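Analysis of the macromolecular model
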Amino acid sequence: MHLAELNIAHLRAPIDSPQLAEFVALLEPVNAIADQAPGFVWRLKESEADPTATVVHDYGDYLLVNFSVWESRESLWNYIYRSPHLEVLRRRKEWFLRMAEPYTVMWWVPEGHIPSLAEGMARLERLRAEGPGPEAFTFKEFYASSEAASLPAAAEVRK
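For the structure given in this document, a descriptive report is provided here. Residue numbering note: each chain is counted from 1, following its sequence as written. Given that this is a predicted model, residues contribute local features only at a pLDDT of at least 70 and side-chain atom pairs are listed and counted only at 80 or more, while totals for whole chains, interfaces and linings are drawn from all residues. The side-chain values count all of the structure's non-hydrogen atoms but skip hydrogen atoms and water molecules.

With that settled, consider the overall build of the protein chain. Helix and strand definitions follow DSSP, with helices as H or I runs of at least four residues and strands as E runs of at least two, each counted in order from the N terminus. A tally of regular secondary structure across the protein chain gives 6 helices and 4 strands. Secondary structure of the protein chain in N-to-C order comes out as β-α-β-β-α-α-α-β-α-α. Restricting the calculation to C-alpha atoms gives the radius of gyration, and the globule rule supplies 2.2 Å times the number of residues raised to the power 0.38. The globule rule puts the C-alpha radius of gyration for 159 residues at 15 Å, and the 16 Å found for the protein chain is close to it. Across its three principal directions, the C-alpha atoms of the protein chain cover 50 × 30 × 25 Å.

What follows is the structure, given as structure tokens:
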């Protein structure tokens with residue numbers, strides 16, 4: 001099993017605004033770090049030709065989407081918290097509004113499966129509505145793949 005991860009953020013200004021220029025300039029190097037990271041499998045891209053292009057979707061003009069698949073929890077953790085990505089993450093308040101609801105969700109997918117953005121958004125909504133469980137969880141309340149695989153598909157874990 002591989003780990004799918006979706007996170008969203010509400011931009012403080014339009015993506016092409018001067019306020020977000022430094023963030024946009026960091027997209028290419030940070031995405032390159034992800035692409036080269038041990039355990040990286042896939043990430044949703046708007047354009048192969050433009051590494052600064054953000055994903056276009058129907059969920060709102062100011063919603064930034066980051067969606068990826070990793071070999072393991074450890075490989076994702078290492079990219080987020082043990083690479084130069086962390087310095088960019090620490091500056092998120094400069095570019096994004098604070099969100100009261102969960103904005104990151106993870107779930108297990110079979111190796112080779114590339115989840116759709118609609119699937120990812122549905123997982124995030126599930127996390128928001130039901131809390132963490134084997135089908136939608138976070139780093140803080142994580143479900144190992146063996147736990148998810150041993151539960152029936154209809155099982156619900158609530159706190």
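As used in this record, nonpolar core signifies buried Ala, Val, Leu, Ile, Met, Phe, Trp, Tyr and Cys residues forming a set joined through side-chain atoms within 4.5 Å. Between buried and exposed lies partly exposed: a residue is buried under 20% and exposed over 50% of the maximum accessible area for its type, with that area taken using a 1.4 Å probe on protein chains only. If you look at the biggest cluster of nonpolar residues, it comprises 42 residues, and the most contacted ones within it are Leu-6, Ile-8 and Trp-107. Contributing elements (two or more residues each) for this core: strand S1 (2–10), helix H1 (21–36), strand S2 (40–43), strand S3 (63–70), helix H2 (73–81), strand S4 (104–109) and helix H5 (117–130). The element contributing the most residues to this core is S3, with 6 residues. The criterion used for residue contact is that any of the two residues' heavy atoms lie within 4.5 Å. For Trp-107, the residues in contact, after removing those within four places along its chain, are His-2, Leu-3, Ala-4, Leu-6, Phe-67, Pro-115, Glu-119, Gly-120, Arg-123, Glu-135 and Phe-137.

Turning next to the pairing of S4. Taking burial as the measure, the 6 residues of S4 include 5 buried ones, the bulk of the element. In this description, strands pair whenever DSSP reports at least two bridges between them. One ladder, built from 6 bridges, connects S1 with S4; its direction is antiparallel. When the sheet's bridge partners are listed, Ala-4 is paired in S4 with Trp-107.

Before going further, it helps to examine the pairing of S3. Buried residues dominate S3, accounting for 7 of its 8 residues. When S1 meets S3, the two strands line up antiparallel, connected through 8 bridges. Considered in S3, the bridge of Ala-4 is made with Val-69. With 3 bridges joining them, S2 and S3 adopt antiparallel strand pairing. Of the residues in S3, the one forming a bridge with Arg-43 is Ser-68.

A word on the side chain of Asn-31. With respect to the secondary-structure elements, Asn-31 resides in helix H1. What makes Asn-31 buried here is its relative accessible area of 16%.

A separate point is the packing of aromatic side chains. Only Phe, Tyr and Trp rings take part, Trp by its six-membered ring, and two of them pair if their centres are within 6.5 Å. Stacked means planes under 30 degrees apart, edge-to-face means over 60, and tilted covers everything else. Evaluation of the coordinates by the stated rule reveals 13 aromatic pairs. Between the aromatic rings of Phe-137 and Phe-142, the centroid separation amounts to 4.9 Å while the plane-to-plane angle is 80°, which identifies the pairing as edge-to-face. Phe-142 sits in the partly exposed class, given a relative accessible area of 22%. Pairwise contacts between aromatic rings join Trp-108, Phe-137, Phe-142 and Tyr-143 into one cluster. Charge over a ring is defined by NZ of Lys or CZ of Arg lying within 6 Å of the ring centre and within 35 degrees of the ring normal. Over the ring of Phe-142 we find Arg-73; its NZ or CZ atom is 4.8 Å from the centre of that ring.

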